[in-house]
Amino acid sequence: MRRRGRRVLLGVMAGLLVVAGGGAAGVWAYGRSLNSDLKRTDAFNGLSLDGRPPVKVAGAMNVLLLGSDSRDPDNTIDSRSDTMMVMHVDADHQHAYVISIPRDSWVNVPESPDGEHGGGMAKINSAYAWGGVPLAVQTVEQFTDVRMDHVVLIDFAGFQQIVDAVGGVDMPIDQTITSIFPPYRVFKQGREHLNGAQALDYVRQRYQFDDGDFARERHQQQLIQAVMDKAASAGMLSDPSKLNAFLRSTTHSMTVDRNFDLLSVAVALRNLRSTDLTFLTSPTAGGGTEDEEEVVYPDDAKAAELYQAVQNDRVGRWLSDQDGTTTPDPSPTPNN
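Before going into details, it helps to say that this report is about the structure given with it. (Residues numbered from 1 in each chain as written. Predicted model: local features only at pLDDT ≥ 70, side-chain atom pairs only at ≥ 80, totals over all residues. Heavy atoms only, no water.)

Quick word on the pattern of salt bridges
Per the stated rule, a full pass over the model turns up 13 salt bridges. Arg258 is paired through a salt bridge with Asp42; the nearest N and O atoms lie 2.5 Å apart. Highlighted residues: Arg258 in the loop between β13 (254-257) and α9 (262-268) and Asp42 in the loop between β2 (39-41) and β3 (61-68), separated in sequence by 216 residues. According to the relative accessible area criterion, Asp42 is partly exposed, its value standing at 37%. For Asp104, the salt bridge identified is with Arg103, shortest N-O distance 3.6 Å. This pair shows no difference in class: Asp104 is buried, exactly as Arg103 is. Each of Arg103, Asp104, Lys123, Arg206, Asp213 and Arg216 takes part in salt bridges that share partners, so that together they form one network. (Salt bridge = Lys/Arg side-chain N within 4 Å of Asp/Glu carboxyl O. Helix = DSSP H or I, 4+ residues; strand = E, 2+ residues; numbered from the N terminus. Buried < 20%, exposed > 50% of the residue type's maximum accessible area, 1.4 Å probe, protein only.)

Examining the packing of helix α4 (residues 156-165) against helix α5 (residues 196-203)
Taken N-terminus to C-terminus, the directions of α4 and α5 make an angle of 130°; their axes are 7 Å apart at the nearest point. One finds that α4 runs oblique with respect to α5. Taken as a pair, α4 and α5 cross one another with a handedness that is right-handed. Residues Phe156, Ala157, Gln160, Val163 and Asp164 of α4 form the contact with α5, whose participating residues are Gly196, Ala197, Ala199 and Leu200. (Axes fitted to C-alpha atoms, helices over the stretch in contact; angles between N-to-C directions. Parallel < 35°, antiparallel > 145°, perpendicular 65-115°, else oblique. Left-handed = near helix turned anticlockwise from the far one by under 90°. Contact = heavy atoms within 4.5 Å.)

Here we look at unusual backbone geometry
Between Pro182 and Pro183 the backbone carries a cis peptide bond, its omega angle lying at 5°. For Pro183, the location among the structural elements is in the loop between β10 (177-178) and β11 (186-187). Residue Tyr184 is not a glycine yet carries a positive backbone phi of 55°.

Details of the nonpolar core
Counting 48 residues, the largest nonpolar core has Val169, Met171, Tyr202, Leu223, Val227 and Phe246 as the members making the most contacts within it. Broken down by element, this core gets its largest block of residues, 6 residues, from helix α6 (residues 212-231). Beyond its immediate stretch of four places on either side in the chain, Val227 contacts Phe159, Ile162, Val163, Val166, Val169 and Phe246. Ala43, Leu66, Ala122 and Val137 belong to the second largest nonpolar core, which has 34 residues in total. (Core = buried A, V, L, I, M, F, W, Y, C linked by side-chain atoms within 4.5 Å.)

Details of the packing of aromatic side chains
Pairs of aromatic rings are described using the distance from one ring centre to the other and the angle between the two planes. On inspection of all chains with the given rule, the structure shows 2 aromatic pairs. Here the aromatic rings of Phe143 and Tyr307 are separated by 5.8 Å at their centres, their planes lie at 65°, and the arrangement is edge-to-face. Within this pair, whereas Phe143 is found in helix α3 (residues 126-144), its partner Tyr307 is found in helix α10 (residues 300-311), the two being separated by 164 residues in sequence. Since its relative accessible area comes to 19%, Phe143 is described here as buried. Tyr307 sits in the buried class, given a relative accessible area of 2%. Geometrically, the ring pair formed by Phe187 and Tyr202 is tilted, given 5.3 Å between the ring centres and 50° between the ring planes. With Phe187 in strand β11 and Tyr202 in helix α5, the pair connects residues that are 15 residues apart, well separated along the chain. Exposure class is identical for Phe187 and Tyr202. Each is buried. The ring centre of Phe181 lies 6.0 Å from the NZ or CZ of Arg204, which sits over that ring. (Phe/Tyr/Trp six-rings, centres within 6.5 Å; stacked < 30°, edge-to-face > 60°. Lys NZ or Arg CZ within 6 Å of the ring centre and 35° of its normal.)

That is the geometry; function is a separate question.
This is the structure we're talking about:
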């Protein structure tokens, strides 16, 4: 499954220009201020360079996106990572692909630093609970054989504030459901305007849908698209105070690796435009039960094809092969 989003990082870049008044010095100072708001974590702590996948294409970027109920990535006991996505940005920075990995994917999780967990097959989201961000990175890199350049972690409560900062979002509701969480909101089929609490509640539902976790992933993707569309709208970009509130709430809610630089990333991705973002789901081969837990089995063959395309910066070509259509392929030359 895939779908296209609009105006993703364009809104952030435009926001920097609008709020800073358009001057280069102002943009730099404001960007530095936003960058200082970001919480940092040693995302790659303890990972051996020799044991990590190699960088195959210069200029391409792979970012592990994690959603968690923990604001402290260095203390993750009993916390969950219910959202796990790999964002791949082409080397020419003209397109980005966001691949959702089902949280119940049955994969090999390396041994945790304390030696008490892992070292065998488990649900992929166990890695974050057992070893924090570094073990999550190690697990995803082992599963995909794709080197992660950066990690972005956002807490659920923070995303609620982000939605409120843009004035709420319009979301397509697949079917009428009642939330399983207090205050047991009712979401009616059709298009609804949701505030932060409502949106977060809706995208956390899964039991009411026939496709369970896949529905939740789809709704998470729809929420990301709705937030970014709203942030890049004319109304937001023309109102410095609203835009500043959105950017501040975003950076306050994010934790990133120590080498992540907001301005550098924004500049690198400044050419992304509408329809430049494609959402996908990591290929799966159905569900089952392991140790009395419901799990999702990866489709190893198809997943290997997809992640090889990510490694070699040929995701567009891979997608066109799946669809039987023709997509321009920059045909980058892998590094040796």
